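# Report on the structure
As a plain string of letters, each chain reads:
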Amino acid sequence: MKIKEARQAYTAQLEVLQNRQRKLFKAKEENEAKFKYGSDEEAWNGGSGVVLELSEEYRKRAQELQEQIDKVKEQIEEHIKLRDQVIELETGIANAESAKQQGEAMKEYGEEVAKCLEIARRIANGDRVPASDEKKLMDFNMEIYKAAKNMAVMNMDKKHKEYESLWEEEEEGKEGQTDPRETAGETEINVEIPDIGAEGEV
């Protein structure tokens, strides 16, 4: 199961459990209201015994409802704990992916700088480089480009080489980076979603 699927499953089950808990609290309140009414009536009837039986039934119902509420509360706490563990895992994977991408970006930047300096060296020697490489050097640093061009004038009488672009092959194989959160969400994990049971009657 993917992390995002597990997170969604826990969240959906939490909603079901929280709705169940609300219904149980409402049923408990209604039962307490009936119980209180029964107690008043008992006093009004002078202890006829009829209401006493009803009151015992309400007490039993209150106990059943409280047991159900406690069970649902435990399930909610367990689901929150499990969901939070999945979210923590997802965040950790996303952070690791983000750090990896930042490391790759820094490495790529270092390679770009090295290529631009190599282009500057070639131009300074009076060698020929593709216009696209000259443009990259200009975009990278105009001062280095001008200095290389000035040096090229001094090296006009030397033998010159002709170079191909340093970027051609790289441009073809370049892929876009994925969103670290998306990568984390798509990660497979081995979790079981606890059974919360059927809704049943409250």
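Up top is the structure these notes are about.
### Considerations on the pattern of salt bridges
Per the counting criterion, the structure on display carries 9 salt bridges. Two residues, Glu186 and Lys2, come together in a salt bridge whose shortest N-O distance is 2.7 Å. Residue Glu186 is located in the segment after helix H6 (180-185), and its partner Lys2 is located in the segment before helix H1 (3-45); the two are separated by 184 residues in the primary sequence. According to the relative accessible area criterion, Lys2 is partly exposed, its value standing at 24%. Between Glu118 and Arg122 there is a salt bridge, with the nearest N and O atoms lying 3.0 Å from each other. Of the two residues, Glu118 and Arg122 are both situated in helix H2 (residues 50-124); the distance of 4 residues between them amounts to about one turn of the helix. Salt bridges here are not isolated pairs; linked through shared partners, they connect Lys2, Lys4 and Glu186.

### Quick notes on helix H4 (residues 142-154)
Here H4 spans 19 Å end to end across 13 residues, near enough to the 18 Å set by a 1.5 Å rise per residue. Residues Tyr145, Ala148 and Ala152 constitute the buried set of H4. Angularly, the buried residues of H4 cover 65 degrees about the axis, an arc narrow enough to put them on a single face. Relative to its buried face, H4 has exposed residues pointing more than 90 degrees away, namely Glu143, Asn150, Val153 and Met154. One side-chain oxygen of the residue at the start of H4 lies 2.9 Å from the amide nitrogen of Glu143, identifying that residue as Asn141.

### Points about the packing of helix H3 (residues 131-140) against H4
Interaxial distance between H3 and H4 falls to 5 Å at its minimum, and their mutual angle equals 130 degrees. Here H4 runs oblique to H3, going by the angle between their axes. For the pair H3 and H4, the contacting residues are Glu134, Leu137, Met138 and Phe140 in the first and Met142, Ile144, Tyr145 and Lys149 in the second. Taken together, the residues of the contact of H3 with H4 sort by class into 6 nonpolar, no polar and 2 charged.

### Here's the deal with a negative patch on the surface
Residues Glu67, Asp70, Glu74 and Glu77 make up a contiguous surface patch of negative charge. Tracing the chain through its elements places Glu74 in helix H2. Judged by its relative accessible area of 56%, Glu74 falls in the exposed class.

### Brief notes about the environment of Gln85
Here Gln85 shows up in helix H2. Note on Gln85: relative accessible area 44%, which makes it partly exposed. Between the alpha carbons of Gln85 and Arg7 there is a distance of 9.4 Å; along the sequence they are 78 residues apart.

### A short note on the nonpolar core
If you look at the biggest cluster of nonpolar residues, it comprises 11 residues: Cys116, Ile119, Ala120, Ile123, Ala124, Val129, Leu137, Tyr145, Ala148, Ala152 and Trp167. For this core, the secondary-structure elements that each account for two or more residues are H2 and H4. Counting residues per element, this core draws most heavily on H2, at 5 residues. Listed in part, the 9 residues of the second largest apolar core include Leu14, Leu24, Val72 and Ile196.

What counts, and where the lines are drawn
- Residues numbered from 1 in each chain as written.
- Predicted model: local features only at pLDDT ≥ 70, side-chain atom pairs only at ≥ 80, totals over all residues.
- Heavy atoms only, no water.
- Salt bridge = Lys/Arg side-chain N within 4 Å of Asp/Glu carboxyl O.
- Helix = DSSP H or I, 4+ residues; strand = E, 2+ residues; numbered from the N terminus.
- Buried < 20%, exposed > 50% of the residue type's maximum accessible area, 1.4 Å probe, protein only.
- Expected span 1.5 Å × (residues − 1).
- Arc of directions from axis to C-beta.
- Polar contact = N/O pair within 3.5 Å; in protein donor to acceptor, adjacent residues only side chain to side chain.
- Axes fitted to C-alpha atoms, helices over the stretch in contact; angles between N-to-C directions.
- Parallel < 35°, antiparallel > 145°, perpendicular 65-115°, else oblique.
- Contact = heavy atoms within 4.5 Å.
- Nonpolar A, V, L, I, M, F, W, Y, C, P; charged D, E, K, R; others polar.
- Patch = residues over 30% accessible without salt bridge, like charges linked within 9 Å, V, L, I, M, F, W, Y side chains within 5 Å.
- Areas by Shrake-Rupley, 256 points an atom, 1.4 Å probe, with all protein chains shown as cover.
- Lys, Arg positive; Asp, Glu negative; His and termini not counted.
- Charge placed at Lys NZ, Arg CZ, Asp CG, Glu CD.
- Core = buried A, V, L, I, M, F, W, Y, C linked by side-chain atoms within 4.5 Å.

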